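For reference, the chains in residue letters:
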Amino acid sequence: MSRENGCGKLIPLSHARSGSRLKVRRIDGGRRLCARMAALGIYPGAELELVCAGCDCPCLVKVHGSTLSLGAGISRKILVSGPSN
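Structure report, in brief. Everything numeric in this text was worked out from a predicted model, so none of it was measured.

Calculation rules
- Residues numbered from 1 in each chain as written.
- Predicted model: local features only at pLDDT ≥ 70, side-chain atom pairs only at ≥ 80, totals over all residues.
- Heavy atoms only, no water.
- Helix = DSSP H or I, 4+ residues; strand = E, 2+ residues; numbered from the N terminus.
- Buried < 20%, exposed > 50% of the residue type's maximum accessible area, 1.4 Å probe, protein only.
- Contact = heavy atoms within 4.5 Å.
- Pairing = 2+ DSSP bridges.

Take Gly-41: it is sitting in the loop between helix 1 (31–39) and strand 4 (47–52). For Gly-41, a relative accessible area of 9% translates into the label buried. Residues Gly-41 and His-64 lie 23 residues apart in sequence; the distance between their C-alpha atoms is 6.8 Å. For Gly-41, the residues in contact, after removing those within four places along its chain, are Ala-46, Val-63 and His-64.

Below, the structure is given as structure tokens:
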């Protein structure tokens, strides 16, 4: 389920490894989802740390000094790569 663009391989946040630092590359959602994520500090280019993920459970992420819980459906729509990619 990985995709590629000019930034290398993209994976859904829900498939990333816990404890990893990641860069948001794209949000596959409508205007409302993108606006809501931007209000929380999750937008293309933002770096985050995935605290806990997996098993279609909510993901815990640290972004801009805050810890957020994202549902499984939303975390599948946030495409990320490693921070250096």
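Let us look at the pairing of strand 5 (residues 59–63). Every second residue of strand 5 is oriented toward a common face, the buried set being Cys-59, Val-61 and Val-63 and the non-buried set Leu-60 and Lys-62. As paired strands, strand 4 and strand 5 are joined by 3 bridges and run antiparallel to one another. When the sheet's bridge partners are listed, Leu-50 is paired in strand 5 with Val-61. Between the antiparallel neighbours strand 5 and strand 6 (residues 66–70) lie 2 residues, among them His-64 with a positive phi of about 50 degrees.

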